[in-house]
Amino acid sequence: MNKLGQTLTVKQDVAADAIPLSLYIHIPWCLKKCPYCDFNSHGLKSGNPLPEDAYINALLTDLDLEFQQSGQRPIHSIFIGGGTPSLFSAHAIADLLSGIQARCKLKSDVEITLEANPGTFEQARFSDYRALGINRLSIGIQSFNSDALKQLGRVHDGHDAIHAAEIAHRAGFDNFNLDLMFGLPGQSLQQAKADVKTAVRLGPAHISYYQLTLEPNTLFYVQPPILPDDDTIWTIQEQGQALLAEAGYQQYEISAYAQPEKKCQHNLNYWLFGDYIGIGAGAHGKVTTPDGIIRRSKVRHPNDYLRQAADDTLIQTESVIPRESQCLEFMMNALRLTKGFTTETLTQRTQMTLEAIQPRLKTALNQELINIDGKKIVPTRTGSLFLNDLLSIFM
Ligand SMILES: C[S@@+](CC[C@H](N)C(=O)[O-])C[C@H]1O[C@@H](n2cnc3c(N)ncnc32)[C@H](O)[C@@H]1O
Ligand code: SF4
């Protein structure tokens, strides 16, 4: 039967090996903390050297523990994020990658991304990263407008931002992402469009286009800057998306736009509720085991993390995702994707049968928040715009 009459009776058997496994590595330091950022990142105290060697050793200890807990499976993608991983020397990244290779099997087409901030590297470092096997960069541009960057508390200016993309090309990266934010303090429609046009002109394979949000526990939350009004932000988003589409960047997730075949495999694995190991200060992972889906996280502060790893007392905080929460957790990720997901993916990655959620799918269908196309479940435009309403059906 088709549409919601279909009676697929796929039972969950936890065949974890069939679920792709990614590796996230957190580098928690930045030159300076940005006032809008709630990531686990810490400004470097002046004069304090980066504890590169100790941190790489800690990461590899952490990885050993992860494999002891969850067994070995080939790694599909690696993402070295932060913080500012491009503060780490090529020598340190080489030690990290060789340590990983000595411990686990990487898929032959593994995507290895490193986050880089303009102004934290020189061209030689990018070329070295490329030679080590980093095959994707994610560059935190935010804006090309120097005044906007100053208001965001960034350490780079517009010229550094352009230079970063240019040297990524020169270093041989044919696959790099530019992170852009819109809805910046005092930003006009013209300024926002100029940012998108400059990004497109630089020819990245991927652009992430985020609306600036004021997050609790940030300076901007306590002392909010004056942001554009909602109508202006809406117009900026619509016109920014149109410029990206005209330039051949297809939207595949709420904030992610890619040239053909250049979607971020690592993030796609998150959004399709794949498995991932997280190593580093504050990193967390999600691994499917015969005992259920386990979340595991590490202590947040880099000093505590370094101390625990050196003392061989690295604490892994574990929790099991209850069966009744798995469906919502899956939807919170997969419904972000413009092309949605297949029912096979849902049943493979959660302990939910399709029958169990059919009434809720039917409600979403009746409210025109999703479409069902054979075995594919796809959010409608309304469903994507009102994602919280759609998700509330699965609570
Ligand atoms: C892990 S963060 C930081 C990466 C890198 N250190 C940087 O500063 O560019 C990844 C991206 O999230 C986005 N981001 C961070 N805080 C944000 C906020 N409050 N609102 C919207 N986007 C944000 C930025 O575009 C940022 O590049
Ligand atoms: S936005 Fe990036 S550079 Fe700024 S504090 Fe956060 S992680 Fe560090």
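Definitions and limits used
- Residues numbered from 1 in each chain as written.
- Chains lettered and ligands numbered in written order.
- Predicted model: local features only at pLDDT ≥ 70, side-chain atom pairs only at ≥ 80, totals over all residues.
- Core = buried A, V, L, I, M, F, W, Y, C linked by C-beta atoms within 7 Å.
- Buried ≥ 20, exposed ≤ 12 C-beta atoms within 10 Å, placed from the backbone.
- Contact = placed C-beta atoms within 7 Å.
- Pairing = 2+ DSSP bridges.
- Helix = DSSP H or I, 4+ residues; strand = E, 2+ residues; numbered from the N terminus.
- Near = placed C-beta within 6 Å.
- Nonpolar A, V, L, I, M, F, W, Y, C, P; charged D, E, K, R; others polar.
- Axes fitted to C-alpha atoms, helices over the stretch in contact; angles between N-to-C directions.
- Left-handed = near helix turned anticlockwise from the far one by under 90°.
- pLDDT = per-residue confidence, 0-100.

**So, the nonpolar core**
Counting residues in hydrophobic clusters, the biggest one holds 94 residues, and the most contacted among them are I139, A168 and L180. Each residue touching A168, except ones within four places of it in the same chain, is listed here: F126, L137, I139, F173 and F176.

**Quick word on the sheet that holds strand β17 (residues 376–379)**
Spatial strand order, β15-β17-β16: three strands in an open sheet with antiparallel pairing. Strands with a single pairing partner mark the edges of an open sheet, and in this sheet they are β15 (341–342) and β16 (370–373). The sheet contact formed by β15 and β17 spans two bridges and is antiparallel. Looking across to β17, one finds that F341 is bridged to I377.

**A short note on the site of ligand 2**
Lining the immediate surroundings of ligand 2 are C30, K33, C34, C37, F39, S41, G82, G83, T84, N117 and G140. Of the residues that constitute the shell around ligand 2, the class distribution is four nonpolar, six polar and one charged.

**Brief notes about unusual backbone geometry**
Cis geometry is found at the peptide bond from G82 to G83, where omega equals 20 degrees. One non-glycine residue with positive phi stands out, namely Q142, at about 70 degrees. Tracing the backbone through its elements, the reader meets Q142 in strand β6 (residues 136–142). With phi around 60 degrees, D312 is a residue other than glycine that occupies positive phi space. Following the sequence through the fold, D312 ends up in the loop between α10 (302–310) and β14 (316–320).

**Focus: the packing of helix α1 (residues 52–70) against α10**
Two elements in contact, α1 and α10, have axes separated by 9 Å at closest approach and are oriented at 65 degrees. The interaxial crossing formed by α1 with α10 has left-handed handedness. Contacts between α1 and α10 involve A54, Y55, N57, A58, T61 and D62 on the former and, on the latter, Y305, L306 and A309. Partitioning the contact of α1 with α10 into residue classes produces six nonpolar, two polar and one charged.

**Some details on the site of ligand 1**
Close contacts around ligand 1 come from 16 residues, with Y36, G140, D179, Y210 and T213 the closest. When residues of the shell around ligand 1 are traced back to their parent elements, those giving at least two are β4 (75–82), β6 and β7 (176–182). Across the shell around ligand 1, the residue classes break down as six nonpolar, seven polar and three charged.

**Comments concerning the confidence of the model for the protein chain**
Taken residue by residue, the protein chain gives an average pLDDT of 93. The fraction at 70 or more is 96%. Contacts from residues 1–13, a stretch scored under 50 in pLDDT, to residues over four places away or in other chains number 20 contacts.

**Quick look at the environment of P359**
With respect to the helices and strands, P359 occurs in helix α13 (residues 354–366). Looking at P359, the number of C-beta atoms within 10 Å reads 11, which means it is exposed. Here the alpha-carbon distance between P359 and F394, two residues 35 residues apart in the chain, equals 10.0 Å.

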